[in-house]
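Each chain, written out:
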Amino acid sequence: MTNSLKNRVIIVCVGLVLLTTVVSLFSFWWSTSQFNEKKVTQDINVAENVYKQYLTAKESLLLTAAKVLTSDFGFKQAVATRDADTISSVLYNHSQRINAELMLLLDLSGKLISSNKPNQEFSNDLEQMMNELLTNAEQSNFVVLDNDLYQVILLPVRAPRTIAYSLVGFKITDEVATELKNLTNMDVSFIAEQDELVRSSLLSRPSPFSPNDYFYQATTSRIFGEQVIYRNRNLHLASLEGHSVNVLLSADLTQSYTEFERLFFTIILLAALTIVIGVVASSLLANNLTMPLSQLANLARQFARGNYSVDSMSNKQSNEIKTLIDAFRNMGNDINEREQQISFAAKHDTLTGFYNRSAMLEVLNDSLAENQEYTLVAIDIKGLRHINDKLGPRVGDDCLKAVACRIAAFSDELGGFHARIGGDEFLTVFPTSSSLNLKRGISGLMAQLEAPYTLQKLKINLRFSAGVVTYPAQGTLADDLMRRVLIAVDGAADEHENIHHYQEGEDEEHLESLLIIDELKQAIAEDDGQLFMTYQPKLNMATQKIDKAESLIRWQRKNGSWVSPELFIDLAEQSGLIVELTEWVIATVVKQVGQWQQAGIFMQAAINVSAQDIAYPGFHANLLHVLKSNSVAPALITIELTERDMIENEEKGIQALENLKAIGVKISLDDYGVGQTSLGRLKMLPIDELKLDKCFILKLDQSEKDQFIVRSTITLGHQLGFSVVAEGVETRESLEILHDLKCDHIQGYYLSRPLKADLFEQWLEQYNELA
Ligand code: C2E
Ligand code: CA
Ligand code: CA
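In this numbering scheme, every chain counts its residues from 1 along its sequence in written order. Chain labels run from A onward and ligand labels from 1 onward, assigned in the order the entries are written. For this predicted model, a pLDDT threshold of at least 70 governs which residues receive local features, and a threshold of 80 or more governs which side-chain atom pairs are given and counted, while totals over whole chains, interfaces and linings are taken from all residues. Hydrogens are left out, water is left out, and the side-chain values use all remaining heavy atoms of the structure.

Draft legend 1. Inspection of the coordination of the calcium ion (ligand 2) at higher detail. A 2.8 Å cut-off from the metal defines N, O and S donors, relaxed to 3.2 Å for Na, K and Ca; water is not in the atom list, so some sites may appear incomplete. Only E550 (OE), N608 (OD1), E640 (OE) and D670 (OD) from the protein reach the calcium ion (ligand 2) as donors, at distances of 2.1 to 2.4 Å. Here the donor residues of the calcium ion (ligand 2) share one chain and are spaced in sequence as E-x57-N-x31-E-x29-D. Between the calcium ion (ligand 2) and the calcium ion (ligand 3) the interatomic distance comes to 3.9 Å, and D670 is a ligand of both metals. You can see N608 sitting in strand β22 (residues 604–608) and its partner E640 sitting in strand β23 (residues 637–642), a full 32 residues away along the chain. In this scheme, a residue with accessible area under 20% of its type's maximum is buried, one over 50% is exposed, and one in between is partly exposed, where area comes from a 1.4 Å probe on protein chains only. A residue is classified by how much of its surface remains accessible, and N608, at 29% relative accessible area, is partly exposed. Counting from the N terminus, the helices are DSSP H or I runs at least four residues long and the strands are E runs at least two residues long.

Following this line, the structure appears as structure tokens:
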């Protein structure tokens with residue numbers, strides 16, 4: 001919350017207002033105090049001038065009075081004749097006229113002759129004072145006489161020679177100071193420091209009173225702390241040596257402090273007001289700014305929930321916000337559109353527009369809730385890979401589209417739905433009306449699908465296999481039904497029947513198979529002895545020596561049970577695991593042959609491989625690598641491949657076999673006789689050995705038919721340049737027949753069952769001893 005945009009806007013605005021206020025307060029304070037300072041100084045200057053003029057006026061008054069007195073003829077005569085009474089009355093009259101408190105007549109030596117007040121006596125040394133006044137350049141001087149301060153002037157009385165001196169003076173009293181204060185609005189204090197005399201306008205004074213201490217030190221407490229009350233200026237007055245007189249002008253600052261404070265508080269008040277207005281205004285602004293933002297945030301949340309309609313926004317927005325809302329609206333529409341596209345794409349196959357597998361599961365799940373029987377038909381196009389390979393993927397895609405079209409036409413009519421569940425696999429689901437209709441219906445569908453297609457001006461025939469599962473009889477859950485219908489269609493492909501109806505138990509078998517594949521994968525990866533090789537000897541009929549052995553794999557599971565190689569090899573082929581398994585077999589067998597070689601046992605080994613192994617691009621390189629690293633000659637290894645496997649991927653496979661043959665590996669055609677290899681084809685195959693299937697050998701001694709077949713096959717093989725092996729020899733009689741028929745090698749229980757390597761070695765030793 002503290003981090004919200006609104007709060008930030010408010011903080012910034014209020015911060016700005018505060019900053020402005022503080023700055024203006026400070027500048028106000030600075031300029032005001034500066035102004036005050038100037039004003040006080042000015043006031044003091046004015047006061048000083050006023051004061052000086054006052055003194056000058058007084059001085060000239062004194063001068064005039066003294067001149068008048070000293071030029072008064074009667075006075076001069078009275079002085080000359082020392083007529084004391086006359087002098088005294090003249091002095092008195094004159095002093096009255098000009099209001100001079102002091103008017104003395106002194107003789108040339110400075111002795112007092114007469115004064116304006118009768119019987120006046122002074123404690124001061126008048127003679128010394130007169131001498132000093134005479135030598136002093138100033139017109140008037142301030143002197144202290146009998147504890148009173150006077151401004152005095154001394155003038156000679158000439159007749160025409162100087163016969164006496166007159167001293168005229170004004171008394172400086174507290175009243176004079178007060179009068180000056182009234183003129184200047186400033187306290188005035190006359191201070192005669194050495195004479196310890198003070199005359200001041202300050203009427204209520206502390207005692208003892210020293211203006212210097214008082215005016216300089218007096219403070220008053222204000223809001224900014226203790227402040228001096230007075231601003232002072234000290235002026236030196238003309239005075240006698242050792243009797244200095246100063247005047248102290250003291251401006252009272254209280255008033256300006258008060259004014260300053262009043263102004264200060266006004267400004268503070270204004271600032272507070274501004275801040276309040278700032279807060280209100282900025283929160284309004286922030287609201288204005290953030291409201292659309294939070295509305296847009298709501299909108300985004302609404303989008304997240306999948307609701308893309310924008311209508312709840314008010315229209316009182318600024319242009320920018322309106323543009324933003326418009327952009328949001330467009331974005332909502334775009335997202336909506338794209339989401340629909342995506343969700344369609346997520347649920348549908350792009351090529352055919354059918355549901356995909358996962359969507360089909362959902363749809364199936366939803367539909368199954370209804371009280372209705374359904375039939376699921378999985379349809380696999382046989383050999384689509386060949387069409388892709390030979391005619392190109394464009395034609396392949398067209399095939400898929402055309403097939404989809406026919407499936408849709410069929411299931412739409414029945415009110416069903418359909419999906420493409422694999423590269424060449426479709427699934428259609430439709431309500432079942434009656435079982436009689438069902439069989440005919442599916443056959444009809446297959447017939448429709450197998451009718452020739454004309455694509456890109458090509459006439460194409462497609463073959464199909466179909467798996468059928470019914471709901472609810474053969475499963476109630478969508479998952480189970482889907483799995484079972486796929487098992488059924490795989491079954492159809494395996495059994496080479498067109499339509500396979502799912503049979504009870506196939507699912508379990510399938511699950512068991514998956515389990516086995518999983519375990520086998522682990523057994524290969526861990527190589528912990530669950531898998532091992534056995535070797536079955538092949539007897540060379542010409543030399544009566546055992547010079548070959550067929551390697552046969554065995555698997556004993558961790559739980560001790562055996563899995564037949566036919567079963568797990570088949571599963572490994574179906575799951576593609578065979579490639580890994582064969583790599584393991586090759587590594588194990590070649591290593592074994594290498595070890596025998598080192599032990600002086602010359603033994604060729606046959607390894608069974610499947611069509612997938614041969615087709616696997618890394619097969620050749622791997623075999624070569626293993627042979628090299630075990631120092632085993634390629635000629636010691638025979639690859640056994642059944643007729644069916646050899647035909648399965650014709651050209652590529654044959655090329656691979658030829659490459660093997662080229663490095664010296666021997667090729668054997670296993671289980672010969674049960675397949676349909678024509679003689680023409682047989683001639684083309686790069687093989688060294690024909691291996692007669694054991695079905696002709698097992699009962700050879702009892703069946704003339706078998707003998708006939710075996711005889712002609714051996715002859716044929718020899719004529720084509722192949723060596724011939726018979727497997728499944730269980731009796732001495734069969735062996736002898738084969739000997740007579742010039743079979744090159746024989747293999748079978750009569751000699752030995754397949755044995756682990758160590759047992760095989762023991763058996764071989766025994767056999768060689770007996771021979
Ligand atoms: P196959 O290649 O035709 O192997 C010959 C089968 O006949 C072996 O069965 C062998 O034990 C059996 N057999 C040999 N002599 C006689 C006999 O006198 N009488 C009878 N009744 N049977 C005899 P096995 O070992 O159960 O192998 C079955 C099939 O499993 C093999 O058929 C082969 O197709 C496959 N297989 C075995 N080992 C491997 C392997 O390492 N790799 C691959 N890809 N397939 C293997
Ligand atoms: Ca074999
Ligand atoms: Ca065989």
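Draft legend 2. Seen up close, the layout of surface pockets. As defined here, a cavity is a set of points on a 1 Å grid over the protein atoms alone where a 1.4 Å probe fits but cannot get out. A pocket is an open set with protein on both sides within 12 Å along at least five of seven lines, and residues line them when an atom is within 4 Å of a point. Grid points are joined across faces, edges and corners, and a volume is the space filled by probe spheres set on the points. If you add up the space inside the second largest pocket, you get close to 420 Å³. What lines the second largest pocket is a set of 20 residues, among which K39, D43, D252, Q255 and S256 lie closest to the centre. Counting only elements with at least two residues in the lining of the second largest pocket, the list comes to α1 (5–70), α5 (174–184), β11 (243–252) and α7 (254–304). If one sorts the elements of the lining of the second largest pocket by residue count, α1 sits on top with six residues.

Draft legend 3. View of a nonpolar patch on the surface. Put simply, a patch holds well-exposed residues, over 30% relative accessible area, that have no salt bridge, with like charges counted together within 9 Å and Val, Leu, Ile, Met, Phe, Trp or Tyr side chains within 5 Å. Calculation of accessible area relied on Shrake-Rupley with a 1.4 Å probe; when residues are assessed, cover is drawn exclusively from the protein chains displayed. Salt bridge criterion: a side-chain nitrogen from Lys or Arg within 4 Å of a carboxyl oxygen from Asp or Glu. On the surface, a nonpolar cluster with roughly 720 Å² of combined accessible area is contributed by F26, W29, W30, I223, F224, F265 and I268. Elements with a minimum of two residues in the nonpolar patch: α1 and α7. Broken down by element, the residue count for the nonpolar patch peaks at three residues, all from α1. In this fold, W29 is placed in helix α1.

Draft legend 4. Fine view of the packing of aromatic side chains. The criterion for an aromatic pair is that two Phe, Tyr or Trp rings (for Trp, the six-membered ring) have centres within 6.5 Å, with stacked assigned to planes under 30 degrees apart, edge-to-face to planes over 60 apart and tilted to the rest. Following the criterion strictly, the structure yields 20 aromatic pairs and no others. On the numbers, 6.1 Å between centres and 50° between planes, the contact of Y374 with Y471 is tilted. Placement of the pair is Y374 in strand β12 (residues 374–382) and Y471 in strand β17 (residues 463–471), with a sequence separation of 97 residues. Note on Y374: relative accessible area 6%, which makes it buried. With a relative accessible area of 11%, Y471 lands in the buried category. Each ring, one from W596 and one from F760, has its centre 5.2 Å from the other, and the planes form 35°; the classification is tilted.

Draft legend 5. Representation of a negative patch on the surface within the structure. Among the surface-exposed residues, D490, D494, E495 and D570 lie close enough to one another that they form a single negatively charged patch. Here the negative patch gets three residues from one element, more than from any other, and that element is helix α13 (residues 478–495). Secondary-structure assignment places D490 in helix α13. In this charge count, Lys and Arg are treated as positive and Asp and Glu as negative; neither His nor the chain ends contribute. Lys charges are placed at NZ, Arg charges at CZ, Asp charges at CG and Glu charges at CD.

Draft legend 6. How the structure looks around the side chain of D547. Note on placement: D547 falls in strand β20 (residues 545–556). Within the buried set, D547 has no salt-bridge partner at all; the shortest N-O distance to an opposite charge, 6.2 Å, is to K548. Polar contacts involving the side chain of D547 include one to the side chain of N540, which spans 2.8 Å. Residues within four places of D547 in sequence aside, it is in contact with K538, N540, F602, M603, Q604 and H745. Polar contacts, as counted here, are pairs of nitrogen or oxygen atoms within 3.5 Å of one another; within protein the pair requires one atom able to donate a hydrogen and one able to accept it, and residues that are adjacent in sequence qualify only if both atoms are side-chain atoms. Throughout, a contact is declared for two residues whenever any of their heavy atoms are within 4.5 Å.

Draft legend 7. Up close: the nonpolar core. By convention a nonpolar core is built from buried Ala, Val, Leu, Ile, Met, Phe, Trp, Tyr and Cys residues, the set being connected through side-chain atoms within 4.5 Å. Counting 79 residues, the largest nonpolar core has L531, L738 and I746 as its most contacted members. When residues in this core are grouped by element, the largest group, 10 residues, is from helix α16 (residues 578–598). With residues up to four places along the chain from it excluded, the contact list for I746 reads P537, K538, L539, M541, A726, V729, L735, L738 and L751. Judged by nonpolar contacts, the second largest core, of 29 residues, contains A408, M446, Y453 and I460.

Draft legend 8. Expanded view of the coordination of the calcium ion (ligand 3). Looking at the calcium ion (ligand 3), the protein donor atoms are D670 (OD), D671 (OD), E727 (OE) and E727 (OE), and they sit 1.9 to 3.1 Å from it. Written as a sequence motif, the donor residues of the calcium ion (ligand 3) are D-D-x55-E. In this structure D670 comes out as buried when scored by relative accessible area, which is 7%. For E727, a relative accessible area of 8% translates into the label buried.

Draft legend 9. Just the pairing of strand β19 (residues 531–540), in detail. For β19, the buried fraction is high: 10 of the 10 residues fall into the buried class. Of the two faces of β19, the one holding L531, M533, Y535, P537 and L539 and the one holding F532, T534, Q536, K538 and N540 are both buried throughout. Following DSSP output, two strands are said to pair if at least two bridges run between them. Linking two consecutive strands that pair antiparallel, namely β19 and β20, is a turn of four residues; a positive phi of about 60° is found at Q544 within it. Sheet analysis places β19 next to strand β28 (residues 755–756), joined by two bridges and oriented antiparallel. Residue pairing for β28: Y535 is matched across the bridge by L755. With three bridges connecting them, β19 and strand β27 (residues 745–747) associate as antiparallel partners. When the sheet's bridge partners are listed, K538 is paired in β27 with Q747.

Draft legend 10. Local environment of the sheet that holds strand β18 (residues 499–501). Across the sheet, which stays open at both edges, the five strands sit in the order β13-β14-β12-β17-β18 with mixed pairing between neighbours. The open sheet has two edge strands with one neighbour each: β13 (417–422) and β18. Averaged over all pairs of adjacent strands, the angle between strand axes in this sheet comes to 20°, irrespective of strand direction. Angles run from 0 to 180 degrees between N-to-C directions of axes, and those axes are lines fitted to C-alpha atoms, restricted for helices to the stretch in contact. The strands that helix α11 (residues 393–413) touches are β12, β13, β14 (425–431) and β17; relative to β14, the one it contacts most, it runs at about 10°.

Draft legend 11. Fine view of the pairing of strand β25 (residues 689–692). Neither face of β25 is open: one carries E689 and K691, the other L690 and L692, and all of them are buried. Alignment of strand β24 (residues 666–672) against β25, held across three bridges, turns out to be parallel. Each residue of the ladder has a partner; that of Y672, found in β25, is L692. In the sheet, β25 pairs with strand β26 (residues 723–727) via four bridges, with the strands oriented parallel. Bridged to L692 within β26 is A726. By convention, orient the strands away from the viewer: a clockwise path from the first strand over the helix to the second makes the crossover right-handed. Since β25 and β26 lie parallel, the crossover through helix α22 (residues 704–719) that links them has a hand, and here it is right-handed.

Coordinates in, geometry out; function isn't part of it.
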